There are 4 protein chains.
Amino acid sequence: MTGQYGLLSPLWAGTAAAADTSDEAVLLALLQVEAAWAETLAVAGAVPESSAAAIRTLWRRQQESSTAPFDAQVLAAAAPGGGNPVIPLVKLMRQTLASEGCSDSALHRGATSQDILDTALRLVIGQVSKDISRHAVRICDALAALADDHRHTLCVARSLTQHALPTTFGLRAAGWLDGVQQAIGALHTSLDSMPLQWGGAVGTRAALVDWQGSEDAHQLILDLATRLGLPAGRPWHSQRQPALRVASSLAGVLAALGKLAGDVLLLQRPEIGELRESAAPGRGGSSAMPHKQNPVQSVLIRSAANAAPNLLATMYAAASSAQDERPDGAWHAEWPALAELLRLAAGASQRAADLVSGLETFPEQMQKNLQSAGDVLLSERLALRLGPLLPGGSKALQTAVEQSVSSDLPLREILADLLRSAEPTGEREEALEELDGLLDPAGYLGHAEDLTDSVLADYQQNRSAWNE
Amino acid sequence: MTGQYGLLSPLWAGTAAAADTSDEAVLLALLQVEAAWAETLAVAGAVPESSAAAIRTLWRRQQESSTAPFDAQVLAAAAPGGGNPVIPLVKLMRQTLASEGCSDSALHRGATSQDILDTALRLVIGQVSKDISRHAVRICDALAALADDHRHTLCVARSLTQHALPTTFGLRAAGWLDGVQQAIGALHTSLDSMPLQWGGAVGTRAALVDWQGSEDAHQLILDLATRLGLPAGRPWHSQRQPALRVASSLAGVLAALGKLAGDVLLLQRPEIGELRESAAPGRGGSSAMPHKQNPVQSVLIRSAANAAPNLLATMYAAASSAQDERPDGAWHAEWPALAELLRLAAGASQRAADLVSGLETFPEQMQKNLQSAGDVLLSERLALRLGPLLPGGSKALQTAVEQSVSSDLPLREILADLLRSAEPTGEREEALEELDGLLDPAGYLGHAEDLTDSVLADYQQNRSAWNE
Amino acid sequence: MTGQYGLLSPLWAGTAAAADTSDEAVLLALLQVEAAWAETLAVAGAVPESSAAAIRTLWRRQQESSTAPFDAQVLAAAAPGGGNPVIPLVKLMRQTLASEGCSDSALHRGATSQDILDTALRLVIGQVSKDISRHAVRICDALAALADDHRHTLCVARSLTQHALPTTFGLRAAGWLDGVQQAIGALHTSLDSMPLQWGGAVGTRAALVDWQGSEDAHQLILDLATRLGLPAGRPWHSQRQPALRVASSLAGVLAALGKLAGDVLLLQRPEIGELRESAAPGRGGSSAMPHKQNPVQSVLIRSAANAAPNLLATMYAAASSAQDERPDGAWHAEWPALAELLRLAAGASQRAADLVSGLETFPEQMQKNLQSAGDVLLSERLALRLGPLLPGGSKALQTAVEQSVSSDLPLREILADLLRSAEPTGEREEALEELDGLLDPAGYLGHAEDLTDSVLADYQQNRSAWNE
Amino acid sequence: MTGQYGLLSPLWAGTAAAADTSDEAVLLALLQVEAAWAETLAVAGAVPESSAAAIRTLWRRQQESSTAPFDAQVLAAAAPGGGNPVIPLVKLMRQTLASEGCSDSALHRGATSQDILDTALRLVIGQVSKDISRHAVRICDALAALADDHRHTLCVARSLTQHALPTTFGLRAAGWLDGVQQAIGALHTSLDSMPLQWGGAVGTRAALVDWQGSEDAHQLILDLATRLGLPAGRPWHSQRQPALRVASSLAGVLAALGKLAGDVLLLQRPEIGELRESAAPGRGGSSAMPHKQNPVQSVLIRSAANAAPNLLATMYAAASSAQDERPDGAWHAEWPALAELLRLAAGASQRAADLVSGLETFPEQMQKNLQSAGDVLLSERLALRLGPLLPGGSKALQTAVEQSVSSDLPLREILADLLRSAEPTGEREEALEELDGLLDPAGYLGHAEDLTDSVLADYQQNRSAWNE
């Protein structure tokens, strides 16, 4: 009756990320951590194998809804009493084990609720990040293809909304690719330095050391990290830099995707028409207007990019106010913010992968928009090349540009007249001859292709690294 | 499999607000709006009564899970295609009506998906706000009782963490009350100016006017507003001031409660010990430490107050970028932010009502902390009263204070010595006699009681108004 | 050497708001509060008139840089020691008074630094709000004129970036006006409930009451409020709802202006061309491209709207964590956020007033964009009117629309063919005759003009109220 | 008249960072970039050496206020016209060069205003980051000394505000150190991947390549990077990941310092008394209360940590909406946010260095607070060790703990009674003998010392790396 499935969050509704960050998934991760710890202890001979096996069985059974011993919704409703869901879960686990005649002696030994929850969330982060990386490869592959295919497709570059100079659509796509690949790179780096959490009640691991001795305690934690596939490290109960790094990189992914979606939204406006989100059955229709095809993927990605910066701010504010050895509210504020960041980043990645894979390009319309800007688009070049040759210098060129803009007279003709009306010199005659060439946008692209290639080369390297 | 029930949000898990903002509740509100519109049209004779009745029946059936024609989770998964849940819902409603042999001629006539969703969310806001108000009365009643009961309970006032002057616990409680009552007042005001949304595809109501004529269209919208119990008004599809006002007031409620919870967290630290959250079975225990009783209600309220400002920022950022006649992502970013703000405000209100109702006070500990500050706590008064009489003036008093702070010699003795060692005057002798009185904290409370009464008087008025 | 004058904030650089919120202006406001209090006390006979006069003279002298006794930059550098600028200022004032042989007996009596600073910032807020209101009248007058002049100017309404239906430019302008007038109304309301701050060291006014007695103390504060032209009220040292209300309304102003600027930025894109920011000497040029005219006013307003939500979040976060009787950092975090919000709101208002006053409109281009959408723009109307008459019903109409979109065949012809090919009925013949009329955008504007008038009528009322 | 010097920002008022980010400093950086580019071109023979020298001279002259050709305040007031300060600056430079008879032929060749401003801000970032690193070494050295000195100083660890277990003050200090060192490490990494900006009008470098050819253009940009001491890289005009990485790391520094300051504020509350900010002349006094010594450094650091997350959010929101080849407001929103983040991070680092260097510790009070918690502080240990031995098991232990908490009876006595009253066994007798040892906090510190050493070892490595 009280669930949220994304009805108000179509960006991630129905995605793998929604499932991977659901309460059920978090519950499974909590059980996985308890089970892994019990097994780690059992392998070391510190607890009976049978108790560890019983705990592991609870986890396994939870993976099938028909055999699940625990109900995420019931557990959620019990979480307020403890301030976090681990406290009632451990209690329920003990009851279940007892009712089934199993020993709970391997359960939650020397751990604190924050150890379990932080480590479980670390597993969830790892899982969703794999999802993001998979989508990112699709995004980047598609963008790389666009960059490569359109390395010679001319279009108008816009600056502060206005037509500025020619560029290529290939470079534009390469720019999007560059943003995404940098963001994904940062995500991977941040995961590498986000360890499991294992500090005991106040970060000293006192109970564990008291029980197993200092060296064995160390080894057990290393074993647990190995078993969970996570980096080991010092406790970070109230020193939250690892969480900040990951959250920043998730927000960075959303910033890169938001930039991309914003550009697509502009470029597919009917008056611009350079791009179009592919239509698909059941996507983009309007409830009132039969003719409309809405760019819903871009719209949803943009909505996610709008929300992400403020979720990140919540993470930083929480970290700043994480007092004492374990915090009094700051830690609790992180969970929903982090979970939503994960859903947004993965959901937006999935939408973006679909968006970019199906993106329709309209090179003729790009060409048309470029031409509509007229010769003045090359005015920067003309100022440098012809400025010195005109009577009146670059001031005369500026006047010519303004005249062209206000009169619709082609700049080429105005300039030709000016050159012809001036005292003839060799340079001026040469300029007159070169005028058409100077006004060819294809000849004024600078490093567009080099930069495109440079981004593509980086991606070649990154793609291999991500797949490792 | 993919639901969220608050496992990571214990602040609101299991509360009425969780239910009232669940996907199921939003779905019901969407159906209610469609049903109310169909009925409005039917009453006016614009559509067949039977079609309106069929739509109403869908809504009624949805209220019982056993008869519900629609599944919120399925609908959520379909929402991405349309960018919002109304588009697939209307489609499903048509299919259902058709399969049941009913006419859909009264369905969604002249409306756009934003009309339905904004109005449905307005209903949800109204519902949750009632919940908040109900909790607020409990909070304020309890705070008013504390303010009244403790109008003479002395405690130390703290400024920049340090002991500053005496005050009363009654005034402290009155301050909390004042914050909450101002915030609730603002919430009520903001609701009064948040109308239903009814603008049609682009805010002109063209389809409706085309169909029913201009005047009848006006009247139909007024009738709909009446039927839904909402204010009428102009469309606000991409002019979002009404949403900003409500969101600001919700964040204001959380700011007032966050201030309260933060103070409680401080004042119940073991070293301070002036207050204690009541314990309850299943609340506040630790997973590792048998002796601990955690102030979980305050902790959870504080975590909500940490998140609220950034959800509010998302609302403002969205409003700022709500382009065109209907926005391309900004509107979509509002929904989850607003829904979470509602959950946080209502959840925190419920926790705060429990917290304040059961708050244990320790006047003896307040007295002890006050005394531990020593005579120097009255140094402000002494500076004004005795400064002029001391040889060396207020500088001498400052020296005396520093001497007392560093030596643990009571200030009273140092000052008495100073007065005695100076040339005797009438004023000095009088001062010596008054010294004990001057150092009595109970005599240096200024307007503490007046201000307490003033807050209580305001609340008397507000309480009646809220209940209307 | 260390000043900021807006080099990185061109939105407000050089505006009146920059001056009104400068350190010099804050310093003057601090002096004004100290002087007003001294005079209030002197009028009541509580302090010597001569001391009050000396303090007033310091304030007056500070208003001329040639006679200013204090240097804002020096004071700023001294502020860290006290945590706020009032502490070193009062010390400097005492020194200055002493060095000039004047009594400081009227200085800062019974006040605390937060009383002075909050009240001074309240004065600054009042001053800047007057500035905002003045600009708002210019904005709203210009928008009202646009709304009125263009009540019949057709243009295309856009939804999720796509062409949706016809509307009028008048209604679009009225929408902008409505956002601004609602925001300004909220600003005025918030000012009315933001009192001076006068609570003494911990909000009890103990020193003042101890000195002047309870009733006289009340009266003195009322007198001070009157003298400063501010509402009186209870202290709000650590209960910051009044600051939140004002900050929210400032952010609301920026949201309304950001929406306006965003629309202008879109509508003046070369491909759309419906609007243009007026050029002016020295405005909008590019450092590289002679032909470019940048919409710098809109760009700067948008940049302000981007920053405002997060400054507001800082205010709410601060209020939530304002602990004790006076806060340990939260209060300090408010000042720069509030001052920047003031600068942004006033700077954006000034730019917007210039922008809107000079906004060039291109009705022919609006018409052209409207026509480019073709007949399908009326498809909503056709679906309602013709759907029932077509063989195949509204499904046939949807097919016709899709055929028209994909083939560039005018929808009118497709529909005419369909109607003609169907079995002839009276309704179908009538429909055939009405077809041209149905496809006339001017006949499908719904309440566009009514809503425009409604906004204009509200503004008539508001404008009078604002000028009172 | 309109400057800001930090009167409302005592955190950074008067610091080196205030100077390094002042408008004057930004102006100098802008000139430095223009000069370096002119020189780069001159060395390559592309422009006359004399023109480059003249530009360099302008920069050099600006470094002395007596010879400065440009006025930052005047320039700021001119910035709105161009939307950024580079446009009027280049114009002023041309005028100045012309008036002095110098050629401007080396000025701003092939560059766009964003190249100059982004690169100048990159220089400012580099400069302020050096400042931050210098302070960080002081902070970390002091924290390392505290961690080392207090590795055996017992204190009570707090969790959710309540006494939890024993720990050492050394480990607490090591935790602060760990946060700061991780944050500084991230800052260094982010600087390494934030290149100069050199893309020309739309990121293609068209003008430069057109003029100098593709390969030479590449080389010139590498030369410029070398000359400025910056990494080279592709343009990032509207792909802002580099700026996000740096901004995140600055906010990370503030989060680490905010955590530290928050703990200090708590631990120096009079009732806790474990730490004290050192007093200094002119620091921490109150304007009303002679006895007060305010922890102003911590308060100011905390105020900065409050603001930082939202400035970071502005950076991410801007990056997400950086449209086209060059953005229409998003870029402009970055500057003040980034500059303020720099000031806050550097100012907070400076205050924290002073704070930590002079921090007074009170081990006796730490001991006293630890003891006040009583034997129950070891209840976790007792539950594990004695639980199995008690009749009734761990439930009996929980009852004993509750009895002790509610009755003030020492837990040790209750447990001894329980053990004695139970059937005697060898284990129980042993437990009785060990009871005193089990209740010794010094024996229950887990890895506290190991973890302290581990942090210190990391810092040894980091410190060397930072100094390189």
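Just so we're clear, the structure is a prediction, and the values are computed from it rather than from any experiment. (Residues numbered from 1 in each chain as written. Chains lettered and ligands numbered in written order. Predicted model: local features only at pLDDT ≥ 70, side-chain atom pairs only at ≥ 80, totals over all residues. Heavy atoms only, no water.)

A closer look at the interface of chain B and chain D
Our working rule: We call two residues contacting when some pair of their heavy atoms lies within 4.5 Å. Any Lys or Arg side-chain nitrogen found within 4 Å of a carboxyl oxygen on Asp or Glu counts as a salt bridge. Comment: elements are numbered from the N terminus, with helices defined as DSSP H or I runs of at least four residues and strands as E runs of at least two. Residue type decides the class: Asp, Glu, Lys and Arg count as charged, Ala, Val, Leu, Ile, Met, Phe, Trp, Tyr, Cys and Pro as nonpolar, and the leftover types, Gly among them, as polar.
On the chain D side, the residues contacting the 35 residues of chain B number 35 residues. Of the charged contacts in the structure, one is a salt bridge between Glu271 of chain D and Arg158 of chain B, with a shortest N-O distance of 2.7 Å. Of all the secondary structure elements, the ones that give two or more residues to the side of chain B that touches chain D are strand 1 (154-159), strand 2 (162-168), helix 10 (241-267), helix 11 (296-320), helix 14 (379-385) and helix 15 (393-407) of chain B. Residue classes in the side of chain B that touches chain D are distributed as 18 nonpolar, twelve polar and five charged.

A few points about the environment of Asn369 of chain B
Rules: Polar contacts, as counted here, are pairs of nitrogen or oxygen atoms within 3.5 Å of one another; within protein the pair requires one atom able to donate a hydrogen and one able to accept it, and residues that are adjacent in sequence qualify only if both atoms are side-chain atoms.
With respect to the helices and strands, the residue Asn369 of chain B is situated in helix 13 (residues 363-372). Polar side-chain contacts of Asn369 of chain B include one of 3.0 Å to the backbone oxygen of Ile272 of chain B.

Some points on the side chain of Asp118 of chain A
Here Asp118 of chain A is to be found in helix 6 (residues 113-149). Apart from the residues lying within four places of it in its own chain, the contact partners of Asp118 of chain A are Gln197, Trp236, Arg240 and Trp331 of chain A.

Topic: the packing of aromatic side chains
Two descriptors summarise a pair of aromatic rings, namely the distance from one centre to the other and the angle between the planes of the rings. Which entries qualify depends on this criterion: Pairing of aromatic side chains requires ring centres within 6.5 Å, counting the rings of Phe and Tyr and the six-membered ring of Trp. Pairs whose planes differ by under 30 degrees are stacked, by over 60 edge-to-face, and all others tilted. When a residue's accessible area, from a 1.4 Å probe over protein chains only, is under 20% of the maximum for its type it is buried; when over 50% it is exposed; and in between it is partly exposed. A ring has a charge above it when a Lys NZ or an Arg CZ is no more than 6 Å from the ring centre and no more than 35 degrees off the ring normal.
Tallied over the entire structure, the rule returns 17 aromatic pairs over all chains. When the centroid spacing of 4.7 Å and the interplanar angle of 85° are considered together, the rings of Trp331 of chain D and Trp335 of chain D count as edge-to-face. Here Trp331 of chain D pairs with Trp335 of chain D, and both are found in helix 12 (residues 330-357), just four residues apart, close to one helical turn. Assigned by exposure class, Trp331 of chain D and Trp335 of chain D land together as buried. Directly above the aromatic system of Trp59 of chain A lies the positively charged group of Arg60 of chain A, at a separation of 4.4 Å from the ring centroid. Its end group placed over the ring of Trp12 of chain B, Arg343 of chain B keeps NZ or CZ at 5.1 Å from the ring centre.

What about the domain arrangement of chain A?
Residue and element names in this part refer to chain A. The following threshold applies: Start and end positions for the domains come from either an automated domain assignment or a database one. The term buried area denotes the loss of accessible surface (1.4 Å probe radius) that occurs when two parts are joined, taken as the sum for both partners.
In terms of domain boundaries, chain A breaks down into domain 1 (1-111), domain 2 (127-197 + 236-373) and domain 3 (374-443). A straight line from the C-alpha centre of domain 1 to that of domain 2 covers 33 Å. Counting residues at the interface gives 13 residues for domain 1 and 19 residues for domain 2. Buried surface at the junction of domain 1 and domain 2, summed over both partners, amounts to about 1200 Å²; 64% is from carbon and sulfur atoms. The largest contributions to the domain 1 side of the interface with domain 2 come from Leu11, Trp12 and Thr21, which together make up 48% of the buried area. Remark: the boundary between domain 1 and domain 2 carries five residue pairs in polar contact (both at pLDDT 80 or more). Across the side of domain 1 that touches domain 2, the residue classes tally to seven nonpolar, five polar and one charged.

Remarks on the pattern of salt bridges
One pass over the full model with this rule turns up 112 salt bridges over all chains. In this structure, Arg240 of chain B and Asp118 of chain B form a salt bridge, with 3.0 Å as the shortest nitrogen-oxygen distance. In this pair, Arg240 of chain B sits in the loop between helix 9 (214-228) and helix 10 while Asp118 of chain B sits in helix 6 (residues 113-149), placing the two residues 122 residues apart along the sequence. The pair Arg240 of chain B / Asp118 of chain B is uniform in exposure class, with both members buried. Of the charged contacts, one joins Glu334 of chain D and Arg240 of chain D as a salt bridge, the two residues approaching to 2.7 Å between their closest N and O atoms. One end of the pair, Glu334 of chain D, is in helix 12; the other, Arg240 of chain D, is in the loop between helix 9 (214-228) and helix 10 (241-267), with 94 residues separating them in the sequence.

Here we look at unusual backbone geometry
Positive phi is not limited to glycine here, since Arg205 of chain B has a value of about 60°. Note on placement: Arg205 of chain B falls in the loop between helix 7 (169-192) and helix 8 (206-212). For Arg205 of chain B, a relative accessible area of 5% gives the class buried. For His108 of chain C, which is not a glycine, the phi torsion comes out positive at approximately 60°.

Re the relation of the copies chain B and chain D
Selection rule: The fit set for superposing copies consists of C-alpha atoms from residues with pLDDT of at least 70 in both; the fit itself is least squares.
Once chain B is rotated about the relating axis by 180° and shifted along it by 0.0 Å, it coincides with chain D to within an RMSD of 0.0 Å. What we have between these two chains is a two-fold relation. Measuring from the rotation axis to each C-alpha of chain B, the shortest distance belongs to Glu271 of chain B, at 2.8 Å. Residue by residue, 100% of the interface of chain B is reproduced at the interface of chain D, so both copies engage with the same surface.

What about the pairing of strand 2 (residues 162-168) of chain A?
The test is simple: Between any two strands, at least two bridges found by DSSP are needed for them to pair.
The buried fraction of strand 2 of chain A is high, at seven of seven residues. Counted along the chain from strand 1 (residues 154-159) of chain A to the antiparallel partner strand 2 of chain A, the turn is two residues long, and its residue Leu160 of chain A has a positive phi close to 50°.

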